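Tertiary structure, described
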Amino acid sequence: MSNLTNLTSLTRRRNLFIGAGFAALLGALVIGQAALQKTVAAQNSGVMAPHFEVDPLWPKPLPNHWILGMTIGVFVEPNDHVWIIHRSSATLANNEKPLELKTGECCAGAPPVLEFDPEGNLLRHWGGPGEGFEWPDSNHGIFIDYKGNVWIGGNGPPDSQLLKFTKDGKFLLQVGKKGARRKEGAVASAGGGEGAVAGFVGGSNDTENFGRVAKIFVDQKENEAYIADGYLNKRVAVLDADTGKMKRWWGAYGNKPDDTPMPPYDPAAAPTQQFHNPVHCADMSVDRLIYVCDRVGDRLQVFTPEGKFLKEAFFETNTKNAGSVWDIAFSKDPQQRYIYMADGVNEKVKIVDRQTLKELTTFGDGGRQPGQFYGVHSIATDSKGNIYTTETYEGKRLQRFLAKGMTAVTAMNQGALATWPRSK
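This section reports on the structure supplied with the text. (Residues numbered from 1 in each chain as written. Predicted model: local features only at pLDDT ≥ 70, side-chain atom pairs only at ≥ 80, totals over all residues. Heavy atoms only, no water.)

**As for the overall build of the chain**
The helix and strand inventory of the chain stands at 2 helices and 26 strands. Per-residue burial for the chain yields a buried fraction of 53% across its 424 residues. Restricting to contacts in the chain with at least 6 residues of sequence separation, those with at least 24 account for 55%. Surface summary for the chain: the accessible area is close to 19100 Å², and the carbon and sulfur share equals 55%. (Helix = DSSP H or I, 4+ residues; strand = E, 2+ residues; numbered from the N terminus. Buried < 20%, exposed > 50% of the residue type's maximum accessible area, 1.4 Å probe, protein only. Contact = heavy atoms within 4.5 Å. Areas by Shrake-Rupley, 256 points an atom, 1.4 Å probe, with all protein chains shown as cover.)

**Brief notes about the state of the cysteines**
One pass over the structure, following the stated rule, counts 2 disulfides. Here Cys-106 connects covalently by a disulfide to Cys-107, the sulfurs 1.7 Å from one another. Its torsion about the S-S bond being 50 degrees, the disulfide of Cys-106 and Cys-107 is classed as right-handed. Residue classification places Cys-107 among the buried residues on the basis of a relative accessible area of 14%. With its sulfur 2.0 Å from that of its partner, Cys-281 forms a disulfide with Cys-293. Disulfide Cys-281-Cys-293: the torsion about the S-S bond is 75 degrees, which places it as right-handed. Pair noted here: Cys-281 is in strand 16 (residues 279-284) and Cys-293 is in strand 17 (residues 290-294), with a separation of 12 residues, a long-range link. A relative accessible area of 0% means that Cys-281 is categorised as buried. Classification of Cys-293 as buried rests on a relative accessible area of 0%. Should the bonded cysteines of the chain be numbered as they appear in the sequence, the pairing reads 1-2, 3-4. (Disulfide = S-S within 2.5 Å.)

**Structural notes on the side chain of Lys-215**
Tracing the backbone shows Lys-215 in strand 12 (residues 213-219). Side chain to side chain, Lys-215 and Asp-327 meet in a polar contact 2.6 Å long. Once residues lying within four places of it in the same chain are set aside, the contact partners of Lys-215 are Tyr-226, Ile-227, Ala-228, His-280, Cys-281, Asp-283, Asp-327 and Ile-328. (Polar contact = N/O pair within 3.5 Å; in protein donor to acceptor, adjacent residues only side chain to side chain.)

**Quick word on the sheet that holds strand 26 (residues 397-408)**
With antiparallel pairing, 4 strands are arranged side by side in an open sheet as 1-26-25-24. Across the chains shown, the open sheet's two edge strands, defined by having one partner strand only, are strand 1 (48-54) and strand 24 (376-381). Recorded for the sheet is a direction-independent mean angle of 35 degrees between the axes of neighbouring strands. Here 5 bridges tie strand 24 to strand 25 (residues 387-391), and the two strands are oriented antiparallel to one another. Residue pairing in the sheet places Val-376 in a bridge with Glu-391 of strand 25. (Pairing = 2+ DSSP bridges. Axes fitted to C-alpha atoms, helices over the stretch in contact; angles between N-to-C directions.)

**Re the sheet that holds strand 13 (residues 224-229)**
With antiparallel pairing, the 4 strands of this open sheet are ordered in space as 12-13-14-15. Where the open sheet ends on each side, the last strands, each with one partner, are strand 12 and strand 15 (246-250). Strand-to-strand, the axes of this sheet are offset by a mean angle of 20 degrees, without reference to chain direction. Strand direction decides the pairing type here: strand 12 and strand 13, joined by 6 bridges, are antiparallel. Its bridge partner lying in strand 13, Val-218 is registered against Ala-225.

**Quick notes on empty space enclosed by the protein**
Applying the stated rule across the entire model yields 1 cavity of 30 Å³ or more. Looking at the largest cavity, its volume works out to about 60 Å³. Taken together, 13 residues form the lining of the largest cavity, with Ile-72, Gly-141, Lys-215, Asp-327 and Ser-378 sitting closest to its centre. Of all elements in the fold, only strand 3 (71-76), strand 8 (139-144), strand 12 and strand 24 reach the threshold of two or more residues within the lining of the largest cavity. Here the lining of the largest cavity is built from residues that sort into 5 nonpolar, 6 polar and 2 charged. (1 Å grid on protein atoms, 1.4 Å probe; cavity = no way out; pocket = protein on both sides within 12 Å on 5 of 7 lines; lining within 4 Å. Points joined across faces, edges and corners; volume = space filled by probe spheres on them. Nonpolar A, V, L, I, M, F, W, Y, C, P; charged D, E, K, R; others polar.)

**A word on the pairing of strand 20 (residues 327-330)**
Each regular strand shows side chains that alternate between the opposite faces of the sheet. Here strand 20 shows no split at all, with Asp-327 and Ala-329 on one side and Ile-328 and Phe-330 on the other all buried. The pairing of strand 20 with strand 21 (residues 338-343) spans 4 bridges and is classified as antiparallel. Its bridge partner lying in strand 21, Ala-329 is registered against Tyr-340.

**Thoughts on the side chain of Thr-419**
Topologically, Thr-419 is positioned in the segment after strand 26. In contact with Thr-419, other than residues within four places in its own chain, are Phe-52, Glu-53, Val-54, Phe-363, Gly-364, Gly-371 and Phe-401.

**A few points about the nonpolar core**
Phe-210 and Ile-227 are the most contacted members of the largest nonpolar core, which totals 46 residues. The leading source of residues in this core is strand 12, at 5 residues. Every residue in contact with Ile-227, bar those within four places of it in the chain, is listed here: Leu-162, Phe-210, Val-213, Lys-215, Ile-216, Arg-235, Val-236, Ala-237 and Leu-239. Phe-52, Val-54, Val-376 and Val-409 belong to the second-largest nonpolar core, a separate cluster that totals 19 residues. (Core = buried A, V, L, I, M, F, W, Y, C linked by side-chain atoms within 4.5 Å.)

**Considering the packing of aromatic side chains**
The final tally for this structure, using the stated rule, is 20 aromatic pairs. Between Tyr-291 and Phe-330 the ring centres are 5.4 Å apart and the planes differ by 70 degrees, which places this aromatic pair in the edge-to-face class. Separated by 39 residues along the polypeptide, Tyr-291 in strand 17 and Phe-330 in strand 20 bring together distant segments of the chain. Tyr-291 gets classed as buried once you look at its relative accessible area, which sits at 1%. On the basis of relative accessible area, Phe-330 is assigned to the buried category, the value being 9%. Here the aromatic cluster, defined as three or more aromatic residues joined through ring pairs, consists of Phe-52, Tyr-340, Phe-363, Phe-373 and Phe-401. One cation-aromatic arrangement involves Arg-295 over Trp-326; the distance from NZ or CZ to the ring centre is 3.8 Å. (Phe/Tyr/Trp six-rings, centres within 6.5 Å; stacked < 30°, edge-to-face > 60°. Lys NZ or Arg CZ within 6 Å of the ring centre and 35° of its normal.)

**What about the environment of Val-76?**
Assignment of secondary structure puts Val-76 in strand 3. Using a relative accessible area of 9% as the deciding quantity, one classes Val-76 as buried. Counting along the chain gives 312 residues from Val-76 to Tyr-388, while the straight-line C-alpha distance between them is 8.4 Å. Excluding its chain neighbours within four sequence positions, the residues that come into contact with Val-76 are His-81, Val-82, Ala-380, Thr-381, Asp-382 and Tyr-388.

Laid out in C-alpha cells, this is it:
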C-alpha cells in the first residue's frame with residue numbers, strides 16, 4: 001500500500017507542476033499578446049516619425065593636421081555642399097595645438113570657415129581678421145544666401161556687427177560696429193544664458209548695431225535678412241540684405257524689445273514677455289512663418305514675417321542652464337512636416353510635428369561616440385533629408401545622420417530611436 005500511495009502522491013505533484021507551468025505559460029502568452037497588440041495599435045495609429053542613422057565616417061579627415069574648435073554653425077546649400085564655422089585655435093587647449101606652438105607635429109586649428117562636398121571632402125577654407133572689416137571675437141552662425149554670399153555673426157563680448165563675404169572669402173559688407181554696445185561701468189545683464197557680460201548693455205531698439213548675433217536667415221522673395229539678435233539683445237531684426245539697412249524688429253510675443261534685466265529662468269514662473277538671452281535662431285519655413293528659438297526660455301515662438309505672434313511651444317521646461325531650444329532645421333518634404341530641434345543641454349535632437357509643435361520622438365544621447373552629442377549646437381538638412389549637426393564646448397565636431405525613412409513611434413522607442421547603423 002505504501003508504494004501505491006507514494007506513486008499516487010508523485011502523480012498528483014507532477015500534475016500540479018504541469019498545471020502550474022501551463023498556467024504560467026498561458027499568463028506569459030496573454031501578457032505578450034497584450035504588448036504585441038499595443039505595439040500594433042501604436043503602429044496603426046499613424047504616429048510615425050523620420051528615422052536616422054549616424055554616418056560615422058563622414059566627413060573625411062582634415063588635411064594639414066587641422067582639427068576643429070567649438071563648432072557653432074552649419075548650413076547646407078541646395079547642391080548639398082556643407083558649410084560650417086568654428087572657433088579654430090581660440091578654443092583649443094594647448095595640448096590640442098602643438099603644431100602651432102612648435103612643440104610637436106600635431107595639431108593646429110583649421111581656418112574658421114570650411115566647405116565640404118557631399119562625400120565629405122574639404123573644399124574651400126578661409127576666415128579670420130582681415131582688411132576693411134572687424135572679424136568677431138567669437139564667430140557664431142553661418143548662412144549662404146541665394147546669391148551665394150556667406151553671412152557670419154558673432155557672440156563675443158564686443159561683437160555688435162555681422163559680416164558678408166563671397167564664397168571665396170572676399171569681404172562684401174559689414175553691418176554694425178564692433179564694440180558699439182560697450183558701456184564702461186555697466187552691470188552684466190541678469191537675463192540668464194550666455195548673454196551676461198560686464199561692461200556691455202543691450203540695445204534691442206538700436207537701428208544700426210546688434211547685440212551679439214547668433215544666426216542669420218536670408219529670404220529670397222523679399223531679399224531680407226532675419227537676424228537672431230541674440231546673446232545680448234533680445235530681438236529678431238530684419239534688414240535689407242543688400243544694404244544692411246534695418247527695416248523692422250520685434251521681441252517675444254511681438255512686443256517692443258525691452259532690455260531691462262530679467263531674473264534667471266524659472267520653470268515655475270509665468271512665461272516672460274521678453275526673450276531670454278540668447279535669441280538663438282530665427283528661421284523661415286516654406287509657408288513664410290518665422291520660427292524663433294528662445295533657448296534659455298525653453299520655448300519656440302512662431303511669427304509672421306511682420307512680427308505678429310502666432311503661437312508657441314515649450315520643450316523640456318525643467319531645463320535650466322543653457323536651455324533646451326538651441327537651433328532648428330526643417331524636413332525636406334514639400335510641406336516641411338517636421339522640425340528637427342537641437343538640444344545641447346539634454347544632448348538630443350527632437351523631432352517635432354511642425355503644425356502642432358508636438359514633440360514626436362528624439363534621437364541621441366550624451367557622449368563622444370558617433371551618434372552621441374556633447375553640446376549639440378546647430379543643425380541643418382540637405383536635399384536628401386539627411387541631418388547635419390555641430391557641437392560646441394568639448395564636442396568640437398560635425399556629424400551627419402542619414403535619413404532612413406519613417407518608423408512607428410511607440411511607447412517603447414519614444415525618445416530612444418537608435419542612430420547606430422543596423423547590421424546588414
